[in-house]
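Structure assessment
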Protein chains: 2
Amino acid sequence: MIRIEDVDRAVREAEYAVRGPIVARAQELERQGRRIIYCNIGNPQSLGQKPLTWVRQVLSLVEWPELADKLPAGAVPADVIETARSVLRGSGHGVGAYTDSKGYRFVREAIAEFIHARDGIAADPEAIFLTDGASKGAQSVLRILIGGPRDGIMIPIPQYPLYSATITLYGGAQVGYHLDEAHDWKLSREALDVAFEKARSEGIRVRCIVVINPGNPTGGVLDASNVEMVLAFAREKGLSVIADEVYQTNLWQPGARFVSFASVLEQRGIRDVSLFSLHSTSKGYLGECGHRGGYLECRNVPEPVLEQITKLQSISLCANSVGQVLTYLLVHPPRPGEPSYEQWAREKGEVLEALRRKAELVERGLNRVEGITCNRVAGAMYAFPRIALPPGVTDAEWCMALLEETGICVVDGTGFGQAPGTSHFRTTILPPLDEIETVVKRIAEFHLAFARRRRG
Amino acid sequence: MIRIEDVDRAVREAEYAVRGPIVARAQELERQGRRIIYCNIGNPQSLGQKPLTWVRQVLSLVEWPELADKLPAGAVPADVIETARSVLRGSGHGVGAYTDSKGYRFVREAIAEFIHARDGIAADPEAIFLTDGASKGAQSVLRILIGGPRDGIMIPIPQYPLYSATITLYGGAQVGYHLDEAHDWKLSREALDVAFEKARSEGIRVRCIVVINPGNPTGGVLDASNVEMVLAFAREKGLSVIADEVYQTNLWQPGARFVSFASVLEQRGIRDVSLFSLHSTSKGYLGECGHRGGYLECRNVPEPVLEQITKLQSISLCANSVGQVLTYLLVHPPRPGEPSYEQWAREKGEVLEALRRKAELVERGLNRVEGITCNRVAGAMYAFPRIALPPGVTDAEWCMALLEETGICVVDGTGFGQAPGTSHFRTTILPPLDEIETVVKRIAEFHLAFARRRRG
């Protein structure tokens, strides 16, 4: 019989905090009847966010095309039926057949148009891969880049643990570059150089830099000059770039604009840096996490390398077809004047406005707690506040005690990485608006009591 | 910029023939306007098989729950709405939220009941993992078992290239055991011993044996004594067993019965062999390949090892939710007396009857061709006939020429593995009934001309 010692060491060593021991304990408490507020993971619909009507109407018709003939006139807007028909035509055989390994061509074409509309640059549908969520796209790129323990991947500290877990799993070297908490998690060239040189001095060949923008867990948002700086760095050092841009529509500062890596790459005419950009249907205003839709777009990646990514996709055949359709609906929404447009735009606006208010409430609320300081939540769906803890107490202990005492499930900073000697936790901004005050209040009360108790 | 030499060697070396160069060429020809008959992959709905109405009605309502109020009375049977409601209840938050890492608990419970009804044995929902198709389940198990180049995985020759590709990708050792073509691809203890001893003499530690039953690409079906023999072998050698049982409802011989590995394991009271069983929504009578549904059931696997599999799943969060619902519909179909039952049973019967006739037509047709001999297609969706070729000609050349001259896309035996000096191809049995005669006729004409030409 298989024993735990038989399990490959890399698997055993990989850690994925956002679904780790604290979350397991939360589920256990829930089974015992406790009410748990899950702030551990960006899962909007589990906390009451509604799916967009237009999206679900189309998916419903795509699953059961005969429905179009059963619905009374006016039950859905005409463009819903049109969109479903055009999806079915584009799919060739409906959602029940395997798709191309890269994903439906019509979706990849729509993504290319979306990128063109967003950034004013061309995109090649053959360099786009549809994936089961953005995670799988990131994993494909890391898989081709990591050949052994000396292949280094630069990741931000703090980072999203998909990256650290996958690097461990694939046997590569994690090369952390520190974001500057004192300056709203700013990304500096100096920090990149420090990390790169340290890795090089340890015999590591750095292959790639991962940038998460807007930042998870930090909430930081890069401007054009930041993006340009990273690209210049990558060019100088001969690195590929993974741009994790799944929160590109989650910007909370008035007038903020998302700057994609692809746009700066093209504006600067950079032809010698390979760029892998990720997007997802799980975040933004859709929050369709369960459907596992997303894409990977490659630039300056030679055809033989694209073929290797295609092969990796083909080994498990293709991304799920419904997630692919959802990706189409993300990049090809109703246009003004179309019958569904108004409802779609209203629902989208409501979701984003609620998230914006929540970001503000969480940030302000946490900053009112003595011993907790929280940077600006400029984007994404998380706050990563710093907590002052008595010596010898870890943030993991703090999070576990918070869960036990209040039912609030957040994840310790250790799971994301942090400067030595500092303590943090990550919370999503996703609880319903009317619960956020309560959540913050309970955290405040808990922290006070915890700090007092632990100081003795 | 990334170059092909920068791509990890294991990735470059992995080969996945069913979507390899022949298929790429077929797609190229199709883009040029040629009509291609795709017999390379078990993708029933791409060749005209219809999805089951009940299944798609439920999925339609699950995607858009408000639909229940829009439908005129009687537009769908009452149990469809009931099933959709119970799925939505079971999911907790609908299909838009991430599920548990292992998958929806209510689906895992339904799978346990399905196994109980099928085999009369208990199953533990906590030892069941919902996966994006069965491929991902197989990959999880191989991932935990393979730690380095001396970790051997026994796979049948011929095999389904998911296994060879994944073993290469994870850096393990492929240990092929030969099925006996002269005896309808029989699986013998002797062949297992030969392969095991050869591997051991090469310093390989065999960890696991993969059995595909019904066989892909062979069409062979194991009986209880075969299964018992494999389990006894695994027990004696201390191996885990992966039982790939995705074709369990695709049995074409009158009176044939599927014998699961789990049932024999339990009947014999074996407690010291770890068993990993796979099932899928892509095959059987559903043929819902695009939805990527499936499950992995573990027996005699200790909790700490199950936790490692859970962690692997959690790193990409969860299997897609709609595929999970489809898995529920696979294991929890309408019961006799329920309003949907008759249509469901009729459609299921029609699909399976058509497949049975196709299996017979393909097998008989190919056996009429001089120079081609085809074993009984007792199960699954493929024939793996042997072709007599002039010396120096490979089956890959034969398949490529077949494609160029006839538009028929099949895959060469090399991609699946075969005894040295023999040549084969794999074809699915899936073309529409009225096309199968044509396909076989064209293959016959082609083969005659090809053999004549190549002999000079």
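With an unreviewed UniProt entry as reference, chain A is termed Aminotransferase AlaT, source organism Anaeromyxobacter oryzae. Looking at chain A in UniProt, the text filed under Sequence similarities (unreviewed entry) is "Belongs to the class-I pyridoxal-phosphate-dependent aminotransferase family. Alanine aminotransferase subfamily." Under the UniProt heading Subunit (unreviewed entry), the note attached to chain A is "Homodimer."

In this section: the side chain of B:S140. Mapped onto the elements, B:S140 comes out in helix α7 (residues 133-145). What B:S140 contacts, discounting residues up to four positions off in sequence, is B:I309 and B:L312.

An α-helical turn contains 3.6 residues, so any two residues separated by three or four positions project in the same direction. All names here are of chain B. In this model helix α5 (residues 78-91) runs 20 Å from its N-terminal to its C-terminal C-alpha over 14 residues, within 8% of the 20 Å that 1.5 Å per residue would give. D79, V80, I81, T83, A84, V87 and S91 are the residues of α5 that are buried. Among the structural elements, α3 (53-63), α4 (67-70), α6 (105-119) and α13 (321-331) are those in contact with the buried residues of α5. One or two positions beyond α5, positive phi appears at G92, with a value near 85 degrees.

Another aspect to go through is the interface of chain B and chain A. Counting residues at the interface gives 88 residues for chain B, matched by 87 residues for chain A. Carbon and sulfur atoms supply 57% of the area that chain B and chain A bury against each other, a total of about 7000 Å² over both sides. At the boundary of chain B with chain A, the tally comes to 8 salt bridges. Here A:D6 makes a salt bridge to B:R205, at a shortest N to O gap of 3.4 Å. Linking chain B to chain A there are 40 residue pairs in polar contact (both at pLDDT 80 or more). Those elements that place two or more of their residues in the side of chain B that touches chain A are α1 (9-13), α3, α4, α7, α8 (161-169), β5 (205-212), α12 (303-315) and α13 of chain B. In the side of chain B that touches chain A, the residues fall into 39 nonpolar, 28 polar and 21 charged.

Another point: the nonpolar core. For soluble globular proteins, nonpolar side chains are generally found buried alongside one another. Ranked by size, the top nonpolar core spans 333 residues in total, and within it A:W398 and B:W398 carry the most contacts. Take this core: its biggest share by element is 8 residues, from helix α14 (residues 341-367) of chain B. Those residues within four positions of B:W398 in sequence are excluded, and the remaining contacts are B:I372, B:I387, B:L389, B:V410, B:F425, B:I443, B:F446, B:H447 and B:F450.

Moving on, we come to the domain arrangement of chain A. Residues and elements named next belong to chain A. The assigned domain composition of chain A is domain 1 (4-49 + 349-455) and domain 2 (90-331). Computed over C-alpha atoms only, the centres of domain 1 and domain 2 are separated by 26 Å. Residue-level contacts link 38 residues of domain 1 with 35 residues of domain 2. Summed over both partners, the interface of domain 1 with domain 2 buries about 2900 Å², with 57% contributed by carbon and sulfur atoms. In this assembly, domain 1 and domain 2 are joined by 1 salt bridge. Our count for the domain 1 to domain 2 interface comes out at 17 residue pairs in polar contact (both at pLDDT 80 or more). Elements with a contribution of two residues or more to the side of domain 1 that touches domain 2: α1 (9-13), α14 (341-367) and β10 (382-383).

Turning our eyes to something else, we now look at empty space enclosed by the protein. In the structure shown here, the tally under the stated rule is 7 cavities of 30 Å³ or more. Taken together, 30 residues line the largest cavity, and the ones lying closest to its centre are A:K136, A:Q139, B:K136, B:Q139 and B:Y170. Elements with a contribution of two residues or more to the lining of the largest cavity: α7 (133-145) and α12 (303-315) of chain A together with β2 (128-131), α7 and α12 of chain B.

The next point concerns the environment of B:R31. On the secondary structure map, B:R31 appears in helix α2 (residues 21-31). As for B:R31 and B:L355, which are separated by 324 residues in sequence, their C-alpha atoms are 29 Å apart.

On to the pairing of strand β4 (residues 173-178) of chain A, then. Residue and element names in this part refer to chain A. Burial of β4 is one-sided: the residues A173, V175 and Y177 facing one way are buried, the residues Q174, G176 and H178 facing the other way are not. Across 6 bridges, the pairing between strand β3 (residues 151-157) and β4 is parallel. Paired with I157 across the strands is H178, a residue of β4. Each parallel crossover has a hand, and the one from β3 via helix α8 (residues 161-169) to β4 is right-handed.

Further remarks concern the sheet that holds strand β7 (residues 275-280) of chain A. Remark on secondary structure: sheet strands pair via backbone hydrogen bonds, oriented parallel or antiparallel. Residues and elements named next belong to chain A. The strand order across the open sheet built from 7 strands is β2-β8-β7-β6-β5-β3-β4, with neighbouring strands paired in mixed fashion. At either margin of the open sheet sits one strand with a lone partner, and together these are β2 (128-131) and β4. Going from strand to strand, the sheet's axes swing by 20 degrees on average, the running direction of each strand aside. Two elements, strand β6 (residues 240-244) and β7, share 4 bridges in a ladder whose sense is parallel. Across the sheet, the residue bridging to V241 is L275, located in β7.

Glancing now at the relation of the copies chain B and chain A. With an RMSD of 0.0 Å, the operation that places chain B on chain A is a rotation of 180 degrees combined with a shift of 0.0 Å along the axis. The symmetry that links the two subunits is that of a two-fold axis. Across chain B, the rotation axis passes nearest the C-alpha of B:S60, at a separation of 2.1 Å. In this assembly the copies share their binding face: 99% of the residues contributing to the interface of chain B also contribute to that of chain A.

All names here are of chain B. A cis geometry characterises the amide bond from I157 onward to P158, with omega recorded as 0 degrees. The peptide bond linking N213 to P214 adopts the cis configuration, its omega dihedral lying at -10 degrees. Residue position: P214 is located in the loop between β5 and α10 (224-237). Although it is not a glycine, D184 sits at a positive phi angle of roughly 50 degrees. Mapped onto the elements of the fold, D184 is located in the loop between β4 (173-178) and α9 (189-201). Relative accessible area serves as the criterion here: at 40%, D184 is assigned to the partly exposed category.

Okay, the pairing of strand β8 (residues 294-299) of chain A next. All names here are of chain A. Burial analysis of β8 places 6 of its 6 residues in the buried class, the great majority of the element. Residues of β8 alternate between two faces, with G294, L296 and C298 on one and Y295, E297 and R299 on the opposite face, all of them buried. Both β2 and β8 contribute to a ladder of 4 bridges, which runs antiparallel. Counterpart to F129 in the pairing with β8 is L296.

Next up on the list: the pattern of salt bridges. As enumerated under the stated definition, the model contains 76 salt bridges over all chains in all. For A:E126, the salt bridge goes to A:R108, with nearest N and O atoms at 3.1 Å. In this pair, A:E126 is assigned in the loop between α6 (105-119) and β2 and A:R108 in helix α6, connecting sequence segments 18 residues apart. The exposure class of A:R108 is buried, given its relative accessible area of 2%. A salt bridge links A:R143 to B:D8, with the shortest nitrogen-to-oxygen separation between them at 2.8 Å. In this pair, A:R143 is assigned in helix α7 and B:D8 in the segment before α1, connecting two distinct chains. Accessibility expressed as a relative area gives 11% for A:R143, which makes it buried.

Calculation criteria
- Residues numbered from 1 in each chain as written.
- Chains lettered and ligands numbered in written order.
- Predicted model: local features only at pLDDT ≥ 70, side-chain atom pairs only at ≥ 80, totals over all residues.
- Heavy atoms only, no water.
- UniProt positions renumbered as here; feature names shortened; annotations may be inferred.
- Helix = DSSP H or I, 4+ residues; strand = E, 2+ residues; numbered from the N terminus.
- Contact = heavy atoms within 4.5 Å.
- Expected span 1.5 Å × (residues − 1).
- Buried < 20%, exposed > 50% of the residue type's maximum accessible area, 1.4 Å probe, protein only.
- Buried area = accessible area lost by both parts, 1.4 Å probe.
- Salt bridge = Lys/Arg side-chain N within 4 Å of Asp/Glu carboxyl O.
- Polar contact = N/O pair within 3.5 Å; in protein donor to acceptor, adjacent residues only side chain to side chain.
- Nonpolar A, V, L, I, M, F, W, Y, C, P; charged D, E, K, R; others polar.
- Core = buried A, V, L, I, M, F, W, Y, C linked by side-chain atoms within 4.5 Å.
- Domains from an automatic or database assignment.
- 1 Å grid on protein atoms, 1.4 Å probe; cavity = no way out; pocket = protein on both sides within 12 Å on 5 of 7 lines; lining within 4 Å.
- Points joined across faces, edges and corners; volume = space filled by probe spheres on them.
- Pairing = 2+ DSSP bridges.
- Right-handed = clockwise from strand over helix to strand, strands pointing away.
- Axes fitted to C-alpha atoms, helices over the stretch in contact; angles between N-to-C directions.
- Least-squares fit on C-alpha atoms with pLDDT ≥ 70 in both.

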